[in-house]
Structures are given as C-alpha cells and as structure tokens.
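# Commentary on secondary and tertiary structure
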Amino acid sequence: MIRRPLSFLTIAIAIFVIFYLYHFANQFAVSPHLRSPVTGDDTRIAPPPPLGAQPDANPKDRYITVTTTVSSVTTKTAFSGSKVDTTVDSVAPLPADYSPSDDDLDQDATWCETRYSPTYLQTIAKNARPFCKPESQSQLDCLHSTMYGEPRKDSLCIARNIVFEDLRFNIDCELRDPHEPDLMGYPHPHNFQSYWYETGPRIIMTQFTKIGSEAAPVFEKHACSNPATPRDDGYKILIKREGGRNYWHSLMEILSFYFTIDALQMSINKKTGKPYMSAADTSKIQVIILDKHDNKNYFELWNYFSPKPVLTLDEYVKDPSTKPCISNLIIPLPGAANPLWQGDWDPRICDHSIIVSTIRSRILKHLKISAARDLRSPINVTFIDRKGSRKLINSKELTDALIAAYPKVNVNVVDMAKLSLKEQISLVVNTDVLVGVHGAGHTHVLFLPSQSSLVEILPADLGHRGFRNLAGLRGIRYFSDHAPMAPSDKPDALRDWHAEDVVFDKDAFMKLMEVAIQSVAHRGLLDSDVS
Ligand SMILES: *[C@@H]1O[C@H](CO)[C@@H](O)[C@H](O)[C@H]1NC(C)=O
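Residues numbered from 1 in each chain as written. Predicted model: local features only at pLDDT ≥ 70, side-chain atom pairs only at ≥ 80, totals over all residues. Heavy atoms only, no water.

Below, the discussion takes up the packing of aromatic side chains. In the structure shown here, the tally under the stated rule is 19 aromatic pairs. Taken together, a centroid distance of 5.6 Å and an interplanar angle of 80° make the contact between W248 and W341 edge-to-face. Of the two residues, W248 is situated in helix α7 (residues 247-266) and W341 in the loop between β13 (325-331) and α10 (354-366); the sequence distance between them amounts to 93 residues. Between F504 and F509 the ring centres are 6.2 Å apart and the planes differ by 80°, which places this aromatic pair in the edge-to-face class. Members of the aromatic cluster, connected to one another through ring pairs, are W196, Y197, W248, W341 and F467. Against the face of Y186 rests K153, its NZ or CZ located 5.7 Å from the ring centre. (Phe/Tyr/Trp six-rings, centres within 6.5 Å; stacked < 30°, edge-to-face > 60°. Helix = DSSP H or I, 4+ residues; strand = E, 2+ residues; numbered from the N terminus. Lys NZ or Arg CZ within 6 Å of the ring centre and 35° of its normal.)

Another point: the site of the ligand. Neighbouring the ligand are R373, D374, S377, P378, N380, N430, D432 and L526. The separation between an oxygen atom of the ligand and a polar main-chain atom of D374 is 2.7 Å. Within the contact set of the ligand, an oxygen atom lies 3.3 Å away from a backbone nitrogen or oxygen of N430. Calculation on the ligand without its partners gives an accessible area of 360 Å², and the protein chains cover 70% of this total. Here the shell around the ligand is built from residues that sort into two nonpolar, three polar and three charged. (Near = heavy atom within 4 Å. Polar contact = N/O pair within 3.5 Å; in protein donor to acceptor, adjacent residues only side chain to side chain. Areas by Shrake-Rupley, 256 points an atom, 1.4 Å probe, with all protein chains shown as cover. Nonpolar A, V, L, I, M, F, W, Y, C, P; charged D, E, K, R; others polar.)

Summarising the model, the protein shows a mean pLDDT of 86, and 83% of its residues fall at 70 or more. When the criterion is pLDDT under 50, residues 51-81 qualifies, and its contacts beyond four places in sequence or with other chains add up to 56 contacts. (pLDDT = per-residue confidence, 0-100. Contact = heavy atoms within 4.5 Å.)

Glancing now at the sheet that holds strand β18 (residues 477-483). Taken together, five strands build an open sheet; the order of strands is β15-β14-β16-β17-β18 and the sheet is parallel. Each edge of the sheet is formed by a strand with only one pairing partner; in this case those strands are β15 (410-414) and β18. Each strand axis lies, on average, 15° off the axis of its neighbour in the sheet, ignoring direction. Pairing geometry for strand β14 (residues 380-384) and β15, over five bridges, is parallel. Across the sheet, the residue bridging to T382 is N412, located in β15. (Pairing = 2+ DSSP bridges. Axes fitted to C-alpha atoms, helices over the stretch in contact; angles between N-to-C directions.)

Moving on to the nonpolar core. For soluble globular proteins, nonpolar side chains are generally found buried alongside one another. Grouped together as the largest cluster of nonpolar side chains are 76 residues, with contacts concentrated most on I363 and I425. Ranked by residues supplied to this core, first place goes to α7 with 13 residues. Per-domain counts for this core show at least three residues from each of domain 2 (109-339) and domain 3 (344-527). Ignoring any residue separated from it by four or fewer positions in sequence, one finds I363 in contact with L251, L255, Y258, L301, I425 and F447. The next biggest cluster of nonpolar side chains, apart from the first, holds 30 residues, and it includes L392, A483, F504 and A508. (Core = buried A, V, L, I, M, F, W, Y, C linked by side-chain atoms within 4.5 Å. Buried < 20%, exposed > 50% of the residue type's maximum accessible area, 1.4 Å probe, protein only. Domains from an automatic or database assignment.)

Given below as structure tokens:
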C-alpha cells in the first residue's frame, strides 16, 4: 500500500534531476566562452566557423581543442537520452601538464600561437571597435589583429548602411574621439597601417569611400534612410590586389580575405549581440576588385564563399542589379598583413598549424580535388621547370640524370605556368617530392600530402626561409642547397637573384635528391622501393 506513492515520488524526483542535469549540461555545451591560452582572459566570441577536415591537428592547439571537447562531449554523452549511460561517464580533467600555463609557453611558441593557431582569428574577433558616433546613419566597426612580438595592428572593417555613388562608397559616420577609453590603444581609421603596392584598408578608404557628414546628402538623394527604399542586403567586399600575377602574393591576399570572413563570423557585434556575419550570410558575399590590374587570375578562389561573380569596379557600376543603398560593406585585411608573410627571413619552428591545414582542405574541397592517392604506385617526384625568370639552365642534364638513377620513381618535369590552377594542385596532391629553384611554385607546399618532402634550390646566397617555414607549418620535410648564378657578361654588382638564371652542380643535385627521395620512400603510408 505505501509502495506506490513512494515509487511515484522516486520517478518524479528522477525526472526532475535528469531535466536539471540536461539543462545544466547544455549550458556548458553551448557556452560561447573560450579561454584564450595566450591572454588567459575570457573571450566573448562565437565558436570558430566550421573549419573543415583538420587532419594535422596542431599539438600546440591541444588545450583549446581538448578543453572544449572534454566539457561538451562528456556532459553531452552523459546526459543525453532518458537513460544515464554508465559506460560513458564524465571524466575529471587531464593532468595539469597537458595544458601548459602561460608561463610554460616559451616566446617562440607564443610567436607561432598568435599567428598560426585559432588564437590568431580569436584575437581579431575579440578586438572589434565601433568607430562612429551613435547618431551617425552608417556604422563603421573595425577589428584588429595582434601578434606576439609585432607592434603593428592590422585592421579590417565592416560598414553598415552605406550608399554607393560616383565610384565611392559613402559612409555617413561621424568618427568618435580616439581618446575614448574603449578606443585607446587602437589605431584610428585615418592612421591605419599602410602596406606595399598601395593595398590595405587605409588606401581603400581614402580612394574609394567618403566617410563623414559629407556623405549625408547622397543618403537623402537616394532615400536610403527610408526603410521602404529597395536595398542590396548582400555583403560587398572591396579588394585591391598587389598585381594578381604572382601565385604566392595572390594566395596571401586570398587567405587574408578568408581570415577576414572567418573573424567576422566569430566577432560579436555589441549592437546586436550576434556575430557580424552568420554562416548563411557568407553566400551573400560579392567581391569587387578595385585595382586596374588586367587579369582575372585565381578568381575561382575569390569565389570560395559565394558563387556571385567577382566584378571589377567598372563591371559593378554597369551591372543592372547594382543599387545605391547597400546594407553591408567589408574592407578586408590585405595580403601583406597575412601572418604567413611574417618572419620569412628567420628560421622558425612553428609546426602543424591548424589554420594552414584548414586552408588546404578548404581549397581542395572548393576546387573538387581529391586527395586520395594510390599508395602502391611508384613515388612521384615533381620537378618545377621554370621557363621565365630564374631558369635552371642545366635542368635537362639534372632531370635526365635523376630519371636514369631512379627507374622505379616517376619523375614529372613540369612548367607550372602551362597548367591551370586546378591542374597544378591536382598534380601536387599526388607528389611525394616537390623540387625546383626558389619561386612562387614552392607555394604549393601548402597542398603537398602529409609526409612528403620539399626541395628548394636557392639562387646564389639567398637566405629566404619562407618556404622552409611553411613546410614546417605543414609538417613536411625540407631540403635545400644553393646554386650559383649562371655565367653572364653582366658585372656581379648589377645582378639581382630575382632575375638571374642559375646553374646547379649535378653531383650536388643528386645528393640532395637522394636524401629527399629516401626520406619519403618508406615513411608513413608509402612502400615502394626507389632504386
Ligand atoms: C603518383 O601519381 C599518380 C598519377 O598522378 C597517382 O595516381 C598516384 O596516386 C601517385 N602516387 C603516389 C604514391 O603519390
């Protein structure tokens, strides 16, 4: 008789407890607070946008990944469903030395961390500042990077509610006093960093925008303040390229564009309490090219987020769908601000960057290139045979010798300039050893498979370490040697390594290739003999 009410009570309590725990668990699982390992402070930012496959997780990122995973996975699995699964229980944290404290990180690790781990994007996302007085019709918010050991701050901006007229984007924004406490320590739009090749937000704002009350009349003229006026609610992004001809320079610009959009999806707009952009908003991005460089190289990569055609400013003006009233305008980080540009004359030990591996999978996916290889097939050596500047004048002698010495290895001698971008990258994802004279072709180290090798023949006494450092970020082995400039009538003082051809000693080349080939032959997943 007394058993029945008791068991009802037990069930009621049990249900209450389960609901309570479930609610509690979810609160943790969706918490937007991530702890930054460098600054140690609580960051009010959204989680990073989906980063795609991350095959080479950075050991230095482990405490970001591990901490968030532990709290969400354990709490979620333990309390989802109506029954508590006792086989998957919550666990106590990892022993403390798995999560080094700020003091344990040495300066080099911090240098790498603030450039090549998600911390780079999280820092930009955290440092958003509104620059317009509240009575302005437009908004201009700018986000700022900070990298350890670099006094410069790079900026990107997003403007809301603007008007396009006469080749200018009009931003009706009364700039706030730079001495207001929340703006202290941040550059003011007029003093933003300047970059080479006349790129970056400062020059874009000077040449292609009008900021201030002088922008107000065009708002009147087009009735853009009237909510009934039709407006373009996409996201226009203004790109001023360095040239578009050099693969490395172009890729740096494109990656800075990707980082800009990533950071805008993570940064919380204080006015709305939501990120500046959602994942769905990225399909409304339209790239507008402001420079006059007459080429459309790499436009397929500018189309990563959205299929909307990339337009030059002239094409944009003529486009029948162009409207004067625009909801969103983005002024991105320039290529020169890219952390991959940094420290390229110094040797660095930054390994396995999650940012770099994410970019790799993004681009492969976007270009629909499969990274699957036939691991039983012979090893592939790809020799980049430059035909323009910095030719290797005895390249035929060297590649013939290589083919003769390694009958069981596929040696491809290619002029990358003859291939489309997709053809080049498809070749590189199947390459085990990539070799050539220092040049933009080495940018392809970004797309080599893991466990492969990069060989760089450096002209004269060039001490450039950019590709070597990039190989390190991908966890790829790197070998190099120097080759003298080819004989010439020109006096040495007038010769510049950029332009001069080189000649490389055959024995030195064979020695270099021997270590590079052997270093991949029986490593990782490969098994073929090479000689
Ligand atoms: C070598 O290249 C061929 C052709 O591109 C490819 O099918 C194969 O998977 C590559 N092998 C290795 C070991 O990378």
